[in-house]
Amino acid sequence: MEIKRMLVGGWKNFARGGAVSAATVLIMTVTLGIIGALIFLSALLSFTLNTIKDKVNVSVYFVTTASEGEILSVKDQLEKLPQVKSVTYTSATDALAIFRIRHANDQSYLQPLDELGYNPLDASLVVNAKDPSEYESIVNFLGASPMLSEGLPGQGGTSIVDRINYKQNKDSIDRLSIAINATRTVGFAVVIFFAIASILIAFATVRLAIYTAKDEIVVMRLVGASNAYVQGPFIVTGVITGVAAALLVLLLLWPAAWYAGVKTTGWFGGFNLASYYGSHFALIFVILMGSGIVLGAVASVLAIRRYLKA
Amino acid sequence: MIYFDKVTKKYGDMAALEDVTLSVAPKEFVSIVGHSGAGKTTLLKLLLAEERPTEGNVFFESVDVNDLPSSALHHYRRRIGMVFQDFRLIPNKTAYENIAFAMEAVGRTDDEIKSDVPYILELVNLSDKALHFPSQLSGGEKQRIGIGRAIINQPDLIVADEPTGNLDPINTYEVVEILKKINELGTTIIITTHNKGVVDAIGKRVITIDRGKMVRDDAEGKYIL
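Since this is a predicted model, take the numbers as computed values, not measurements.

Thoughts on the overall build of chain B
When helices and strands are tallied, chain B shows 7 helices and 10 strands. Considering chain B as a whole, with its 225 residues, one finds that 46% of them fall into the buried category.

Below, the structure written as structure tokens:
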């Protein structure tokens, strides 16, 4: 019965609050809007970093005498490593075909190849790591593997690996790793900063809204209402405010994401805000609704606490 | 029923009340008079445990009010009905809801509220204004709702702080008559006022406070300063 009364009281406070309720919802909408924008920003940042990371890889070239079975066996081993994201096999024949297509209009490349009479290109494995900083350990694994340094067991002889292009790319990979980590850290700091700033603004607004009701709170206590009974309706009002603001933001994000998607997809290297919003709607709904409810409730509890002491 | 034992209340170095000792018996109607700033409201705040005395003790029956933990204050306050000079109705609740709130706060059922609130509204002659918000009521009407809220839970004591301070003579007369009636039905009443007409119309015990000190206590007094 008490909970029902708190719910009804909270709803009436909100509905009859007029300008105060409207102002609180609007400020909360701005706060949740910023949180929504930060979600998109994080996604865009991750997308961009992943795109850059995907462009970084290490190629392992095999001697022409290495059989396909041997190379695929190496591929299997590499794929089992936790730091490896993907391994792509390109046979010597495929490499030649790619070479011919790439230089189809340049006879100075193709003519010597035709004169050779055999395929001089190596088969290769292109290794993509989950993180650029992992390449060193992958290359170390390849160097330490007896199969690759001394040939397959039982066959003896030399390594089937001709060369790994890691050393040539090491500096670039290291610099990129540092840049990616720095961008991620700065991005995270920016997200946290704006999230805290917007939360503080929402807190201040709810506090002001409750300040306008401080005389009311004193009267409620003087007629014998318990602290919980005084607090309840204000918390319900805070939660309703949060829910209303979250719904408003979720609604406004549709046209905003669509418009931004149309205008910025090319600029963002293929990242479409509208598609992201559509495919991640459930997650964004939960984050914004959860933030609205928690913000409204916690801000109300903190704001009202000071009037419940005497 | 109520006993102030050598109570002093200081705000900084300023003593709002100084060494006040007084007692109030059940069913009494006590008027506390004095100039503005004499300490009347401070006395009531100490009784309601809104403030704590700097020295001395305030007893309600056998309970030392100052010893009550804050978690028990609301139980204590339910035994007292408060009437304020500025009415202090909850602005976004209707007249009906303002009175009902006092019942809800003490955990009364919906059926009890539905039966008692209309009765009280009828008693203060405001049945037709049940759905009006405070901003739609006159000063006298607001105060009658305030009295309705104070008596709805049948408290042991009604404390009225300058209840006629913002009212015209006709409404003042009505409010005094209602309070007298409540007292005749057995409820103890303590009223603070500086309205001579109100004190004389009540014609009961008068305690005079001047600059924080109790200077007179007359069993059937008149307003003398």
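Comments concerning the interface of chain B and chain A
As a measure of interface size, the accessible area lost when the parts come together is often cited. Counting residues at the interface gives 15 residues for chain B and 17 residues for chain A. Of all the elements in the fold, those that place two or more residues in the side of chain B that touches chain A are α2 (70-77) and α3 (95-105) of chain B. Top contributing element to the side of chain B that touches chain A by residue count: α3(B), with 4 residues. Split into classes, the residues belonging to the side of chain B that touches chain A amount to 7 nonpolar, 2 polar and 6 charged.

With respect to the sheet that holds strand β4 (residues 161-164) of chain A
Residues and elements named next belong to chain A. Strand order in the open sheet formed by 4 strands is β2-β3-β1-β4, and the pairing between neighbours is antiparallel. What marks the edges here is a single partner per strand, and that holds for β2 (84-90) and β4. Direction aside, neighbouring strands of the sheet carry axes that sit 20° apart on average. In the sheet, strand β1 (residues 58-62) pairs with strand β3 (residues 124-129) via 4 bridges, with the strands oriented antiparallel. Paired with Ser59 across the two strands is Val126, which belongs to β3. Where helix α3 (residues 68-80) meets the sheet, its contacts fall on β1, β2 and β3, and the angle it forms with β2 comes to roughly 170°.

Notes on helix α5 (residues 107-116) of chain A
Counting buried positions over the 10 residues of α5(A) gives 0, only a small fraction of the element. Two residues or fewer past α5(A), Gly117(A) is found with a positive phi of approximately 85°.

Examining the confidence of the model for chain B
Of the residues in chain B, 98% reach a pLDDT of 70 or more, and the chain-wide mean stands at 90. The ipTM for the predicted assembly is 0.74, set against a pTM of 0.69.

Considerations on the sheet that holds strand β9 (residues 205-210) of chain B
Residue and element names in this part refer to chain B. Within the open sheet, the 6 strands sit side by side as β6-β7-β8-β3-β9-β10. Their pairing is mixed. Edge positions in the open sheet fall to β6 (80-84) and β10 (213-218), since each of these has one partner strand only. Neighbouring strand axes in the sheet, compared pairwise and without regard to direction, differ in orientation by 15° on average. Bridge count between strand β3 (residues 29-33) and strand β8 (residues 188-193): 5 bridges; the pairing is parallel. Residue pairing for β8: Ser31 is matched across the bridge by Ile191. Sheet contacts for helix α6 (residues 169-184): β3, β7 (157-161) and β8; angle to β8, the most-contacted strand, approximately 155°.

The rules behind the values
- Residues numbered from 1 in each chain as written.
- Chains lettered and ligands numbered in written order.
- Predicted model: local features only at pLDDT ≥ 70, side-chain atom pairs only at ≥ 80, totals over all residues.
- Helix = DSSP H or I, 4+ residues; strand = E, 2+ residues; numbered from the N terminus.
- Buried ≥ 20, exposed ≤ 12 C-beta atoms within 10 Å, placed from the backbone.
- Contact = placed C-beta atoms within 7 Å.
- Nonpolar A, V, L, I, M, F, W, Y, C, P; charged D, E, K, R; others polar.
- Pairing = 2+ DSSP bridges.
- Axes fitted to C-alpha atoms, helices over the stretch in contact; angles between N-to-C directions.
- pLDDT = per-residue confidence, 0-100.

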